[in-house]
Amino acid sequence: MTGFVMRRLGQALFVAWLVSLVVFVLTRSLPGGAAKATLGKEATAAQIAEFNHQQGFDRSIPEQYWIWISRVVQGDFGYSYRLNMPVSSAIANALPKTMLLVGLATAVSLLVAIPLGSVQAIRRGKPFDRLIGACSFLVYATPTFLIGLMLILVMAVEFQVFPSSAPTSDSLVTILGSPQGMVLPVLTLALGNIALYARYMRSSMSETLTSDFVRTARAKGLSRAQVLARHAVPNSLRSVVTIVGFSIPGLLAGSVVVEQVFNYPGMGMLFWTAAQYNDYPTQLAIVLLVSVATVLGSLVADIAYRLLDPRVSYERV
Amino acid sequence: MNESKAPSPVVPTPLATPLPARAAERGRWTRRIRGIGRVLVAYKLAVAGVIIVVALAAFCFVGPMVYHTEQVHGDLAAANLPPGSPGHPLGTDDVGFDLLGRLMLGGRTSLIVGICAAIFATLFGAVWGAVAGYIGGVGDMLMMRVVDALSPMPSLFILIFISHILPLNLLLLILLVSFVAWLGPARLVRGESLSLKVRDFVQAGHTMGGGATHAIVRHLLPNTAGTMLVNASFQVADAILYVAALSYLGISLPPPNADWGTMLSNGTQFTHAGYWWMIVFPGAAIVLVVMAFNLIGEALSDAFTTRTRGSNV
Amino acid sequence: MRSGRKFRSAVTAAALSIGLAACADSPNGTDGTVAGGSVTIAQLPQSAPNYIFPFVPPGHHTVQNVEQFQALMYRPLYWIGSGNSLAVDEELSLAELPVWNDTHDRVTIELKQFSWSDGTPLTPRNVAFWIGLLRAEKKNVSYYTPGLFPDNLADVAYDDKANTVTMTLTSPVSPDWFLYSQLSTITPLPEAWDLTGPGTKGSCSSTDPAAQAASCSDVYKYLSEKAKSTATYASEPLWQVVNGPYRLKSFESSGAFTLVANTKYSGSPKPTISELNFVPFTSVSAEYDALRSGQQLTIGYVPSNVLKPKKAGDPPGESPVPGFKLAPVQPWGFSYLLINFNNPTVGPVLRQLYIRQALQSVVNQDLYIEKAANGYGQPAFGPVPVSPESPFTRGMSHTNPYPFDVSRARQLLTSHGWSIPAEGPATCTDPGTGPNQCGAGIAQGQKLSIELESYTGDPAVTQMMSQLSSDASKAGIDIKVTSVAPQQMVADAVQCMPNEPTCKWQLINYGTWILNSYPSGTSLFRTGGGSNIGSYSDPQMDALLAATLTSADPAAIAKYAEYASEQIPVIWLPTMASPVYAVKESLSGVAPISPLFNLTPEKWTFSK
C-alpha cells in the first residue's frame, strides 16, 4: 500500500512539473508579454523595459525557468507585480475560500445524491425514479452559470431569501458566520453534481441489488433495511467515490464560474484575472497547485476504492 | 460489481460500463444495429431523444435555407426587439441579428463542435486505448502513464490560458474540447482490450497471419463499439455544456460566428434589462439538445447492461 | 450644501468660512443634515486598491489607487477637478495658485496653513521630500516622462519662513500646462516617513539636494518595501500619518477596506460621514445583483444596458433600483481606434487622409450612444471632449467635421481611384500619387480590407464594433473584427517598425484614454511620443503640440484639438458614461462626480 501511495505521489509531482513546464514555455512565448498587460495603456517604452528587466524577462527562457523552479522548490512562488503581494499570500488568501466552496458543494452533493440514488434504484422504474431521473436530466443539462443566474433571480432578487453575494472576508470564520450567503453558491455548484452522483449511485446500486450476494443475504433472512445498510450501499459507494475524486477538475472549473457570479474571490477568480493580465507568477503557481491537488484527489479516491473493496489486490496498479 | 473492470476509475461518463464478453463474442455489425434499433424502440424516452436531435439538426441545417435572415452584418437600430416584432418572430439580439435565424446558425456550430469533438475524442481515445491494451507491457504502461499524467491537468485553466494566445476558430475549439475529453475513452477501451485480446477470435486472427493493425482495427475496436457509442453520446452532451461554460468566461468564437453557448452567456448580460428572449431561447436549445443526447446515451447503456443483468438474475 | 464654482465666486470668502464653521459645529444642522453614519461603496469589478504609497510605480497609477484611495488620505499639492469643473480647485488644494515671473521660467508656490495628523505642519520640506524622491527614483514612478519633471527643473528653493517653494525651470513653459501636468503630480509627504529603517531618520526631506541625493534612494527602498506588504496597510503606523479627511482603518486582501474620518483634519469642510466601507466585486453583474437584492450599499453602479433609454445630452433618468438616484460619470477622455501607420500591408492605405475621413464617416456615433449606452454617452470627434467645459478649450469648435454619412465615405473612395462593387471590399483601380488616385504605396487591385482587434467584456463595445463593421461594408470598406481579452488587447498595441513581427496589428480598439486635466496630447500624437502607439507623424501636429507645452496662448489646446479633429490620427468613437453610479437618495453631496473620478467624501452628508 505504501509503495502504491509513494508511486502516485511521485506521479503527482511529475505531472505538476510537466504542466508547469508547458505553461511556463507558453507564457514566455507570448508576444508583448506581461509588461503592457500589467503596466496598462499609458506605459512608456522606458517603463516597459525597466519592468522587463526587473522581472527577468530579458533573460533566456531556460535561464528564467531555472530561476523560477529553484525558487519554487524552496517555497517561494514569486511576487505578483499586479497584485502587489507575494503569490503565496494571494493563494493563501484565495485557496481556503475555494476549498470551502468546493468542500461544501461536494459534501452537499454526496449527502443528497447517495440517498437519492439509492431510493431511485430501489424503486427502479416507478414514478419516483422517473421523476427524479427527469429532474436530474434537466439540471445536468443546464449550464452552471444559468443555474446560478436563475437562483439569484428567484431567491435573491425576487424573494430576497438569500443574498446574491457570498460574504466578503479574509477569514473563513467570518464567512461561516453568515452562512446564508454561502447557500446559493454552494447550491449552484452542487446541483449539477447531485444529478451526476445520483445517476452513478442509482446504476451502481441497481447492479448491486441484483447481484448474488444480495440475494444470498435476503435468502438468509436479513431484513431489507439491513441488506441495504450493510451490503448494498457500501458496495455501491465505490463507483461514486471514484468519480468524486475525478470531479475535482470539474469542480474547480465550475467554481471559476460560480465565483464570478456570486462575488466570491477564490482560486478560480484569481486564476482568471491572472490569465487576463498575463500575471505569470500567479498563473504558474495556481496551475502547479491545481495539478497536484487533482492527482492527490484521484489518489485519495483510489485509496478509498481499495479500502471499500478488499477483494481488489493492492499490487494491481 | 463487475470484477474485471479496471481498478483505475474512468473519467465521469455515467454508466459507461464495459461491454461484457458474451455480447462481444456475438458482435457483428448488422445484428448490433438491429439490437440497438430494438432497444431504442423499447425505450420511448430514447426515441424522444433521437427525435429531438434529428429535429434540432433539421432546424439548424435545413432551416436557414428556408428562413433567410441577415446574419453577417448587424443592424444596431433594430437591436433588442422583443419576440413578435415585425419580421422577427423570436425578437432580435443586442447587435440586431434576428434571433430565430441566429439560433439556427448557432445550432450548427454547437452541434458540429459537440459531435466532432465527441467523435475525435472517442476515436482518438479508442485507438490509443486499443493500441495500449494490445501491445501490453512497457508500451502499455507508458501510454497509460501519459493518460494518467494528462488527467489531472487543469484543463479549464489551460484553455483560459491558450485562448489568450491564439485566436479561436472552429477547428481549434473542437481540438481543445477533444483534448480534454479523449482520456475517458482511452481508459475504457484499454480496459476492454486487455480482456478482449485473449479471446479466441483475436488469437485466431494471429494464427492466420494478421498483424497488430488487423487485430486492433478488425476485432478490438468493433467489439468496443457499444461502449464507444454510449460514451460518445455523453461526450456530445458534455462538450456542448463545456463550450457554454467557456463562452461565459469569454472564450468563444468571434462574431459573426454564433453558437448557443455564446448566445446564452451574452444574453445573461442583459438579464436585468428585461431582454428575456436572449436567454430563454438559447438556454432552452442547450438544455434540449444536452438532455436528448443524455437520454440516448442512457438508453444505449441501459440496453447493453440489461442483457447481462438479465442473465444473472 | 456645495454646488459649483458659480456659487463660490459669488460669495465672499468670509461669508463662506462662517457658513462652513456653522456646518461643522452643528451636527444636526438647520439644513437637515445628519453627522456620523457610514457609507458603503461598491468598488468597480477587479478594481481594489493595492498601493498606498503615493509615489506609485508604473502600472499602479490607477483611479482605484490614486483618486479613490490615496487622495482621501494624502492630499495632492493641487487638487484638479471637482464636480463638473475641470479647473484646479483652490479650496481643496494645499497651496495657493502658483505665481509666475514674466518669462514663465520661474514659479513660486505658497503653501497654505495645513497640518498632518501627527501634529506637524505642512512645510516646504514636505514638497522637498517628494522632489527628492522623484530625482533619485524617477524610473520607478509612473509620473515620470523623460525630459519633463523633474528633468526640467534647473533649481528648487525652499523658504520655511514664507512657506514657499520656488522652482526655476530650464526653459519657459506654458503656466497652465505646468500646473495641470507637472505640479498636479506632486503629493507632499510627511517627514514622519523620512526613514531609511525603523527609527532611522533619513535626509530625503532636507532642503539640501546633496543630502537628499545621499539618502532618498534608501528612503525609497524602505517605503516601497513597506508598500509591498498590503497585509500591514492598516496596522503600519506610518500610513496613519495623513493630512486628508480620512485615514485607513482596515484593509483586507479580498479588496475590502474601511476608511474612518480623520479627526485632526485641518482642511474644510470637515467630514461628516464617519466611516467609508469599500466593498469589492468580481463582476458588474454580481454588483448589480447585490444592489437589486437589497444588499447594504449606499453607492453602487449600474450597467448602462439596464437603464431606461434617454436622449444623449439629457440629464440622467430614473434609477432602475428604487431608493437611489443616478450619477453617471462622463469620463474626461475619449474612446478611439488606434491606427497602425507602420503596418506593412495597410499602413500606406491608412496614411491617406481621405481613407481616414471615409472611416470616420462610417462611425455612427449617435446610434451607438442610443443603442449601446441607452443615451448615456457623448460623441467624440477630437482629442478633447466637448463637455464638460474646460478652461483650456475656450473657443474650441464643437462640431463634428465628419458626421455619419455612408454616401460621403463612398464618394471619398470613388473620387480617389477606388471602385466599390455591390458586395465586398473596394479595390484600387487607379493607383498612383495624383490628386484623384489611390495614393503612394497602394497597388493596383489592392482590396480595402482592414483587421480590427477589439476586446471582450463590455457588451456596448461588441455592439459598436459590430455596427461599425456593418456600416463600413456599405461603403466598400471590409472591416474584420476580432476580440481578445482586454489586457491582451493592451499587450498587442505596441509601437513597431514595419518589418517587426509585432507590427501585424492594423486597427486596435484601445478603449477610453483618460486625459490629464491639461489635455495636451503630446505623448499621444507627437512624433515618437511615448503613447503614440500607431507611429503617427506630422510636423504640423508636432508644432501645434509643442505650443501647448510652451506657449502662453490660451487657445493653444483648441488649435491642436481642431487640427487633430480634421486629421484623424486615430478614429474617434463616442465616449460612454462609465461608471453610472447609483447613490442612495438620503446621501447628498456626491453628484456630480468629477470626470477625473475624484472622490470628495468630506462633502457628503446624510439628510434626514
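The structure presented is a predicted model; accordingly, all values stated were derived computationally and were not measured. As a convention, each chain's residues are numbered from 1 in the sequence order in which they are written. By the order in which they are written, chains take letters starting at A while ligands take numbers starting at 1. Confidence filtering applies because this is a predicted model: local features only for residues at pLDDT of at least 70, side-chain atom pairs given and counted only at 80 or more, and all residues used for totals across whole chains, interfaces and linings.

Peer 1: Sorry, what's going on with the sheet that holds strand β21 (residues 478-484) of chain C here?
Peer 2: Whether parallel or antiparallel, the strands of a sheet pair through hydrogen bonds between backbone atoms. All names here are of chain C. Strands sit in the order β21-β20-β22-β16-β23 across an open sheet of five strands; the sheet is mixed. Only two strands of the sheet have a single partner each, and these edge strands are β21 and β23 (571-573). On average, adjacent strands in this sheet sit at an angle of 30° to one another, irrespective of strand direction. Criterion used throughout: strands pair if DSSP finds at least two bridges between them. Secondary structure is summarised from DSSP: a helix means a run of H or I of at least four residues, a strand means a run of E of at least two, and numbering begins at the N terminus for each. In the sheet, strand β16 (residues 333-339) pairs with β23 via three bridges, with the strands oriented antiparallel. The partner of Y336 across the bridge, within β23, is W572. A residue pair is marked as a contact if its C-beta atoms, positioned from the backbone, fall within 7 Å. Whenever a helix is involved, its axis is fitted only over the stretch in contact; in every case the axis is a line through C-alpha atoms, and angles between N-to-C directions fall within 0 to 180 degrees. The strands that helix α12 (residues 459-474) touches are β20 (449-455), β21, β22 (507-514) and β23; relative to β21, the one it contacts most, it runs at about 165°.

Peer 1: How should the domain arrangement of chain A be read in this particular structure?
Peer 2: Interface size is commonly expressed as the accessible area that is lost once the parts come together. Either an automatic procedure or a domain database provided the assignment from which the domain bounds are taken. Under the domain assignment used here, chain A contains domain 1 (2-77) and domain 2 (95-276). Spacing between the C-alpha centres of domain 1 of chain A and domain 2 of chain A amounts to 36 Å.

Peer 1: How should the environment of A:W68 be read in this particular structure?
Peer 2: Residue and element names in this part refer to chain A. Positionally, W68 belongs in helix α4 (residues 61-72). The spacing of W68 and L189 is 121 residues in sequence and 34 Å in space, taken between C-alpha atoms. When residues no more than four places from it in sequence are discounted, the contact partners of W68 are F24 and G78.

Peer 1: For this particular structure, what's the right way to read the domain arrangement of chain C?
Peer 2: Residues and elements named next belong to chain C. Entries for chain C in the domain assignment read domain 1 (8-239 + 579-607) and domain 2 (333-399 + 449-576). Taking only C-alpha atoms, the centre of domain 1 and the centre of domain 2 are 31 Å apart. Each partner contributes to the interface: domain 1 provides 19 residues, whereas domain 2 provides 17 residues. Elements represented by at least two residues in the side of domain 1 that touches domain 2 include exactly β3 (79-82), β4 (85-89) and α5 (175-182). For the side of domain 1 that touches domain 2, a count of residues per class yields eleven nonpolar, seven polar and one charged. Throughout, the ten residues Ala, Val, Leu, Ile, Met, Phe, Trp, Tyr, Cys and Pro are labelled nonpolar, Asp, Glu, Lys and Arg are labelled charged, and all others, Gly among them, are labelled polar.

Peer 1: Which parts of the structure should I look at to understand the sheet that holds strand β6 (residues 106-110) of chain C?
Peer 2: All names here are of chain C. Within the open sheet, the four strands sit side by side as β5-β6-β8-β7. Their pairing is antiparallel. Sheet topology places β5 (99-100) and β7 (153-159) at the edges, where each strand pairs with a single neighbour. Strand direction decides the pairing type here: β7 and strand β8 (residues 164-169), joined by six bridges, are antiparallel. Paired with D159 across the strands is T164, a residue of β8. Against the sheet, helix α4 (residues 124-136) makes contact with β7 and β8, and its axis sits at roughly 155° relative to β7, the strand it touches most.

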